[in-house]
Amino acid sequence: MSIALTPEQQQLRQAVEQFAARHAPIDVTRADLEDLAAGRPPAWWDIFVDNGFHAVHLPESVGGQGGGLEDMACVLEAAGSALLPGPLLTTAIAGAAVAALDGAAASTLLKEITAGARAVVLSGEHCAFAARRDGDGWRLTGSSGPALGICSAQRVVVPFTDETDGLTWAVLNPAEAQVESRRGTDLTTDLGILHLHDLAVPAGAVLPGLDAGWVGDLTVAFTAATAAGITQWCVDTVTEHLRTREQFGKPIGTFQALQHKAAMLLVNSALATAAAWDAVRALNGSADTDQHRLTACSAAVRAVMPVPGLVLEALTMLGAIGFTWEHDLHLYWRRATSLAASIGPVSRWTRELGELSATVTRDLTVKLGDSDADFRAGVAEILDRALSLSDNGFGLQDDRGESPVGDRRNLLADAGLITPHWPAPWGCDASVRQQLIVDEEFGKRTGLARPSIGIAEWILPSVIAAGSAELQDRFVPATLRGDLSWCQLFSEPGAGSDLAALSTRAVRVEGGWRINGHKIWTSLAHRADYGALLARTDPDAPKHRGIGYFILDMRSPGVEFMQITQSSGRAEFNEVFLTDVFVPDEMLLGDPVSGWQLAISTMAHERVAISGYVHIDRMGALRELVAVSPDPDPVLHAIGEIDAYTNALKALGVRETLRLLDGQPPGPASSIAKVATNVMLRRAAELTLGLTGPLALEQDSQPAVVAPYLDLPAELIGGGTTEIQLNIIAQLILGLPRK
């Protein structure tokens with residue numbers, strides 16, 4: 001997965017990759033390590049500048065390409081993946097930092113950068129420059145902390161405290177100062193310290209209006225983009241190794257342990273990419289500094305700080321060869337470590353995000369413009385009418401056991417606004433853009449929620465796709481109105497995630513089918529009117545064939561259920577026993593052996609829906625404890641860690657939405673999100689239990705601690721276990737061999 005979403009961004013990334021392959025292969029970089037450490041630019045820098053890659057985000061008025069920050073992020077991501085050495089990252093940050101400033105100093109610096117000057121912006125947190133007035137200008141004395149790119153820089157933007165104790169920034173020529181070279185962890189980028197000794201800074205070199213917060217957030221965002229490229233290189237390198245390396249006479253990529261490790265590497269790479277993209281997107285599309293900071297903190301925690309560990313994980317899959325000087329991995333490992341150190345420590349970011357999350361949430365609104373204005377007006381008119389109506393009863397459809405039914409719901413159902421993506425007359429045939437419009441319009445109206453149809457949202461698409469017109473008319477409108485409830489009869493004692501191994505038999509009889517079998521873990525079967533049932537119709541066919549998809553009346557003779565009491569004390573799951581149950585022919589969807597394909601479609605709907613759990617706040621108990629805890633620091637760090645994870649997951653979803661809006665086919669986001677959500681849920685529970693202490697002694701504590709923890713298994717297993725999802729990612733997305 002790449003930061004690049006649009007075809008133009010993908011072409012830009014490919015162009016940088018092709019440039020790197022042609023002009024900067026890693027063997028050339030290895031030969032130049034001493035020169036790079038000394039601050040000498042790579043031989044290809046001038047050609048890179050001629051292509052405009054380094055200034056793709058700068059205005060055309062100063063010689064740039066007129067693109068946005070996302071475009072520069074695509075360049076940096078490609079550079080991270082190709083291990084392009086030298087001053088690109090620091091120069092890109094410097095250009096973006098001053099691009100929106102007025103004044104001669106900013107304009108001159110931008111023109112110098114677009115012409116090829118290498119530049120660095122020093123962090124105010126790691127500098128100690130004393131300033132005294134010198135006429136209209138200043139004289140500066142002091143030293144910076146270790147800074148990447150300082151030895152190769154031709155221009156340096158330095159912060160200093162003025163006479164009002166405010167932070168002022170100025171452009172310096174480091175040739176007029178002293179630069180002390182240091183041996184850096186990253187062998188492909190120089191490291192040094194800038195020393196100033198009563199250096200004269202004229203008034204014309206000052207950059208009025210430059211904000212330290214903007215510089216810091218921008219630095220994190222661009223650093224995250226580079227780090228995301230490193231993770232993608234790791235995924236590609238590991239996948240190729242697992243496909244081709246053989247042990248015991250077979251590719252090691254067939255070993256499930258390595259498949260799962262590689263799949264988790266992809267999941268973490270996808271989260272890093274999403275977090276980096278979101279940080280850049282916030283800076284490029286919003287003036288809200290809280291949104292800038294929130295996404296920068298999230299990117300630091302999810303896209304920069306974990307990357308050294310991800311590279312190390314890749315090394316363990318490569319084996320001893322990955323630990324040698326000859327293998328390129330150690331160069332990526334060193335760069336990842338250096339990037340993380342340049343913005344660290346991680347505790348700074350988790351604590352700040354934990355504090356910020358008390359008042360700020362990520363605004364992930366997708367800007368839709370004025371398109372589909374007539375559709376929006378029609379939706380708005382119906383929702384306004386709905387507000388004037390009320391519901392007068394409850395159905396039995398959602399997980400709470402109740403959902404409103406009545407005039408309001410009937411209006412929304414008849415208008416197709418409960419499931420707008422479904423075809424008319426049950427939906428609106430809504431495009432992705434129109435679905436977002438419906439979401440927006442519901443969101444504008446306090447007190448008006450879109451009704452739930454529960455698990456039927458995963459089942460009825462199969463009825464619409466493969467059922468007769470009579471079945472569609474019988475089931476779909478009544479379900480939308482809240483008059484029918486459903487369950488899903490898939491899992492069996494010997495066939496859980498491996499649905500194709502099911503043994504429930506359907507034997508053809510006059511007028512229909514006689515079904516015998518045993519289902520388990522069936523949610524809400526005890527109050528369902530109908531169920532979606534898989535049964536084997538042809539025992540001699542391959543296991544993925546010979547399966548039928550039936551609609552079962554749960555009140556049919558021979559249907560018995562026994563509720564399963566969970567560890568939480570609730571009984572929402574069921575065992576269902578089927579003894580000579582008759583199902584008429586018209587209740588079979590499609591032909592008798594096409595049930596597997598319909599089941600896969602249903603499970604795909606389920607996985608997308610379960611990924612929506614990320615929108616539920618998992619840090620509720622800890623948020624309540626912050627105000628009363630005698631030591632809030634650990635609590636704030638925990639909140640920050642989980643919020644960074646959930647923000648990355650949300651960004652992953654928004655990216656998939658934007659891809660669909662662009663007309664691209666669905667990607668692997670749903671499987672990745674399911675695994676990532678499970679990781680987040682377990683970590684959130686672990687942190688909550690570890691920090692709430694005695695509250696976990698009481699099942700009904702306030703705030704709730706144990707009650708949601710005891711419900712965790714249902715969330716982790718629902719829709720397919722993490723291990724099954726990792727198999728899917730490894731084999732179907734990474735393309736690792738099955739055997």
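What counts, and where the lines are drawn
Residues numbered from 1 in each chain as written. Predicted model: local features only at pLDDT ≥ 70, side-chain atom pairs only at ≥ 80, totals over all residues. Heavy atoms only, no water. Salt bridge = Lys/Arg side-chain N within 4 Å of Asp/Glu carboxyl O. Helix = DSSP H or I, 4+ residues; strand = E, 2+ residues; numbered from the N terminus. Domains from an automatic or database assignment. UniProt positions renumbered as here; feature names shortened; annotations may be inferred. pLDDT = per-residue confidence, 0-100. Contact = heavy atoms within 4.5 Å. Axes fitted to C-alpha atoms, helices over the stretch in contact; angles between N-to-C directions. Parallel < 35°, antiparallel > 145°, perpendicular 65-115°, else oblique. Nonpolar A, V, L, I, M, F, W, Y, C, P; charged D, E, K, R; others polar. Buried < 20%, exposed > 50% of the residue type's maximum accessible area, 1.4 Å probe, protein only. 1 Å grid on protein atoms, 1.4 Å probe; cavity = no way out; pocket = protein on both sides within 12 Å on 5 of 7 lines; lining within 4 Å. Points joined across faces, edges and corners; volume = space filled by probe spheres on them. Pairing = 2+ DSSP bridges.

**Here's the deal with the pattern of salt bridges**
Opposite charge on two side chains makes pairing possible when the charged atoms of those side chains draw close. Applying the stated rule across the entire model yields 36 salt bridges. With a shortest N-O distance of 2.9 Å, D198 and R132 are connected by a salt bridge. In this pair, D198 sits in strand 8 (residues 191-201) while R132 sits in strand 2 (residues 127-134), placing the two residues 66 residues apart along the sequence. One salt bridge connects E686 with R683, and the closest N-O pair in it is separated by 2.9 Å. With E686 and R683 both in helix 22 (residues 669-692) and three residues apart, this pair spans about one turn of that helix. One connected set of salt bridges, linked through shared partners, spans R376, D384, E440, E441, K444 and R445.

**Examining the domain arrangement of the protein chain**
As assigned here, the protein chain comprises domain 1 (7-120), domain 2 (122-210), domain 3 (227-358), domain 4 (373-479), domain 5 (482-594) and domain 6 (608-733). Averaged C-alpha coordinates put domain 4 and domain 6 at centres separated by 27 Å.

**A look at the UniProt feature "domain: Acyl-CoA dehydrogenase/oxidase N-terminal" (unreviewed entry) in the protein chain**
Residues given the UniProt feature "domain: Acyl-CoA dehydrogenase/oxidase N-terminal" (unreviewed entry) here are residues 6-88. Summarising residues 6-88: 59% helix, 0% strand, and an end-to-end C-alpha distance of 23 Å.

**Description of the confidence of the model for the protein chain**
Considering every residue of the protein chain, the mean pLDDT works out to 91; 97% of them sit at 70 or more. This stretch, residues 606-611, has a pLDDT under 50; its non-local contacts, to residues over four places away or in other chains, come to 16 contacts.

**Let's talk about the packing of helix 16 (residues 432-443) against helix 21 (residues 632-661)**
Relative to each other, helix 16 and helix 21 sit at 130°, their axes nearing to 8 Å. One element, helix 16, and the other, helix 21, form an angle in the oblique class. Between helix 16 and helix 21, the contacting residues are V432, R433 and L436 on the first element and T657, L660 and L661 on the second. Along the lines of polarity and charge, the residues of the contact of helix 16 with helix 21 split into four nonpolar, one polar and one charged.

**Quick notes on unusual backbone geometry**
The omega torsion across G344 and P345 is 5°, close enough to zero to call that bond cis. Here P345 lies in the loop between helix 12 (329-343) and helix 13 (346-356). Following Q702, the chain continues to P703 via a peptide bond in cis, the omega torsion being 0°. Checked against the element boundaries, P703 lands in the loop between helix 22 and helix 23 (706-710). With a phi angle near 55°, D372 is a residue other than glycine that sits in the positive phi range. Take D372: it is sitting in the loop between helix 13 and helix 14 (373-387). Classification of D372 as partly exposed rests on a relative accessible area of 29%.

**Regarding helix 15 (residues 407-414)**
Along helix 15, the residues that are buried comprise R408, R409, L411, L412 and A413. On the buried face of helix 15, the contacting elements are helix 14, strand 11 (391-395), strand 12 (403-406), helix 16 and helix 18 (469-481). Backbone geometry just downstream of helix 15 places G416 in the positive-phi region, at approximately 80°.

**Some remarks on the layout of surface pockets**
Of the volumes computed, that of the second largest pocket is approximately 810 Å³. What lines the second largest pocket is a set of 37 residues, among which S123, H126, T219, S342 and I343 lie closest to the centre. Sorting the residues of the lining of the second largest pocket by element identifies helix 6 (88-98), strand 1 (119-121), strand 4 (147-148), helix 8 (212-244), helix 12 and helix 13 as the ones contributing at least two each. When the residues that make up the lining of the second largest pocket are grouped by side-chain class, the tally is 18 nonpolar, 15 polar and four charged.

**As for the pairing of strand 3 (residues 137-144)**
Here strand 2 pairs with strand 3 via eight bridges, running antiparallel. Bridged to R133 within strand 3 is W138. In this structure, strand 3 lies alongside strand 8, joined through five bridges in antiparallel fashion. Of the residues in strand 8, the one forming a bridge with R139 is A200.

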